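Fold and contact review
So the chains spell out like this:
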Amino acid sequence: MDPELPGSGFADAVQAGARSAANGFAEEDALAGRQVALIDLLDRLLTGGAVLTGDLVLSIADVDLVRINLRAVIHSVTPDDPSPW
Amino acid sequence: MAVSGPGAQGEQNVTQVCYVFAVGREDAPLRVAAEGLTGPTGSVVRAVYGAGLGALVCSVPAGLYDEEGLKAQLEDMERLEALARSHHAVVAAAYEHTTVLPMRLATVYLDDARVTGMLSERKDEFDALLTRLEGQVEWGVKVYADPREASAPAPAEPSGVSASASGSSPGRAYLQQRRKQRSTHQDTYRAAGAVTERITALADGLATAKVSHRPQQGELASGPGENIANDAYLVPDGRSDDFRAAIAGLAEDVPGVRVELTGPWAPYSFATPPSSPQPDEGSPQGPVDDGS
């Protein structure tokens, strides 16, 4: 358990958990404008979305490297549980 | 920062490049969608058209989006968050007006002409994807197992267990306690697995596609318990209410198991061609729409 979210204390995490447990699920957000959880957003923006190579700004390999590093941060990829990407 | 006008290449004192948020069909809703939105550095979002398609873009300083700049942005969690939220804000706002194909984070072209060229080149692919996603939204469903929560009410339960334990030696009581914890732990994970299966079965008749994301762990993962399933479902807009109703309350009476629903999202998880393998795809769950 790691409640140390940037900008959010443990109390917030507990409260969020309680709220979510009470409702059975998180309130509508996303399109409705309520701030979505960063991790849910990154799941989608780093592994989803249409992939275009774009222009030379970053080579594809470099982009992938950055993304892989990010996913490692996000998902705590360990040697025992290697990333499938 | 000076804002470049629609179609302009940007001021010459700062070299600008073209950040692409999403691609849709060239139509009135897309034009409307582009109005009033701003990108990550505050410049206006505009549409670049080509081959009957339109890309929602904005001009950004090249220095922030060249190799060095982009790396710096993506590797700094605060800047990454700002970029991700800005990207999402544009995509989500656009999706309220019309079906668009969200791009992956940090898709950058040198100028508008290159974007137009890209639209022409990939026209068929974009058309197929837009047709497939038309009128559909993405819902996220996460299942959590929290054995601690499952075992929490136990002490308040009938004193039968502790009564029998009180007659035994402290060592035996300890072992019994440990054993109980272990079985609660296993039961909770088993129950969470069962809930996940029920969700999959219920979603079968409502969703048209499913993608499994990696379960969330690490410093950004919030809330109590362990995330054991992190799935995205593509659901026709008209069935969203049914989908929510079906998923909500599924785990209400299951101690230690929590279901979290997020969305509706623009279909980020389904913006790649259906034929391309999803590396994280779990069980070969049913209703994959072929776009028919």
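Residues numbered from 1 in each chain as written. Chains lettered and ligands numbered in written order. Predicted model: local features only at pLDDT ≥ 70, side-chain atom pairs only at ≥ 80, totals over all residues. Heavy atoms only, no water.

Section: the sheet that holds strand β8 (residues 226–236) of chain B
Residue and element names in this part refer to chain B. Pairing within the open sheet is antiparallel, and its 4 strands lie in the order β7-β8-β6-β9. Looking at strand neighbours, the two that pair on one side only are β7 (209–213) and β9 (257–265), the edges of this open sheet. When the angles between neighbouring strand axes are averaged without regard to direction, this sheet yields 20°. Looking at chain direction, strand β6 (residues 136–145) and β8 are connected through 10 bridges and run antiparallel. Of the residues in β8, the one forming a bridge with G140 is A232. (Pairing = 2+ DSSP bridges. Helix = DSSP H or I, 4+ residues; strand = E, 2+ residues; numbered from the N terminus. Axes fitted to C-alpha atoms, helices over the stretch in contact; angles between N-to-C directions.)

A closer look at the pattern of salt bridges
This model, assessed by the stated rule, comprises 12 salt bridges over all chains. D112 of chain B is paired through a salt bridge with R46 of chain B; the nearest N and O atoms lie 2.7 Å apart. Here the residue D112 of chain B occupies a position in helix α5 (residues 112–121), and R46 of chain B occupies one in strand β2 (residues 45–50), the gap between them amounting to 66 residues. Residue class for D112 of chain B comes out buried when judged on its relative accessible area of 13%. Two residues, D231 of chain B and K210 of chain B, come together in a salt bridge whose shortest N-O distance is 3.7 Å. Of this pair, D231 of chain B sits in strand β8 while K210 of chain B sits in strand β7, and the two are 21 residues apart along the sequence. Counted as one network, the salt bridges with shared partners bring together D40 of chain A together with K142, R258 and E260 of chain B. (Salt bridge = Lys/Arg side-chain N within 4 Å of Asp/Glu carboxyl O. Buried < 20%, exposed > 50% of the residue type's maximum accessible area, 1.4 Å probe, protein only.)

Points about the packing of aromatic side chains
All names here are of chain B. All told, the structure shown has 4 aromatic pairs over all chains when counted by the stated rule. Between W265 and Y268 the ring centres are 6.3 Å apart and the planes differ by 75°, which places this aromatic pair in the edge-to-face class. This pair shows no difference in class: W265 is buried, exactly as Y268 is. An aromatic cluster is built from Y19, F21 and Y65, whose rings are joined through pairwise contacts. (Phe/Tyr/Trp six-rings, centres within 6.5 Å; stacked < 30°, edge-to-face > 60°.)

A short note on the pairing of β6 of chain B
Remark: a regular strand shows side chains that alternate across the two faces of the sheet. All names here are of chain B. Counting buried residues along β6, 10 of its 10 residues qualify, which places the element largely inside the surrounding structure. Side chains Q136, E138, G140, K142 and Y144 of β6 all project onto a buried face; the interleaved residues V137, W139, V141, V143 and A145 project onto the opposite face, where all are buried too. Pairing of β6 with β9 involves 7 bridges; the strand directions are antiparallel. The partner of E138 across the bridge, within β9, is W265.

Describing the confidence of the model for chain B
Residues and elements named next belong to chain B. Taken over all residues, the pLDDT of chain B has a mean of 83, while the share at 70 or more is 83%. Taken as a whole, residues 1–11 scores under 50 in pLDDT and shows 24 contacts with residues more than four places along the chain or in a different chain. pLDDT under 50 marks residues 156–160. Its contacts with residues more than four places away, or in other chains, come to 0 contacts. (pLDDT = per-residue confidence, 0-100. Contact = heavy atoms within 4.5 Å.)

Focus: the confidence of the model for chain A
All names here are of chain A. Averaged over all residues, the pLDDT of chain A equals 54, while 21% of them reach at least 70. When mean pLDDT is compared element by element in chain A, helix α2 (residues 38–47) scores highest at 87, while helix α1 (residues 10–23) scores lowest at 36. Segment residues 56–61 is flagged for pLDDT under 50; beyond a separation of four residues in sequence, or across chains, it makes 10 contacts in the model. Within the model, the stretch residues 76–85 combines pLDDT values under 50 with 20 contacts to residues more than four positions away or in other chains.

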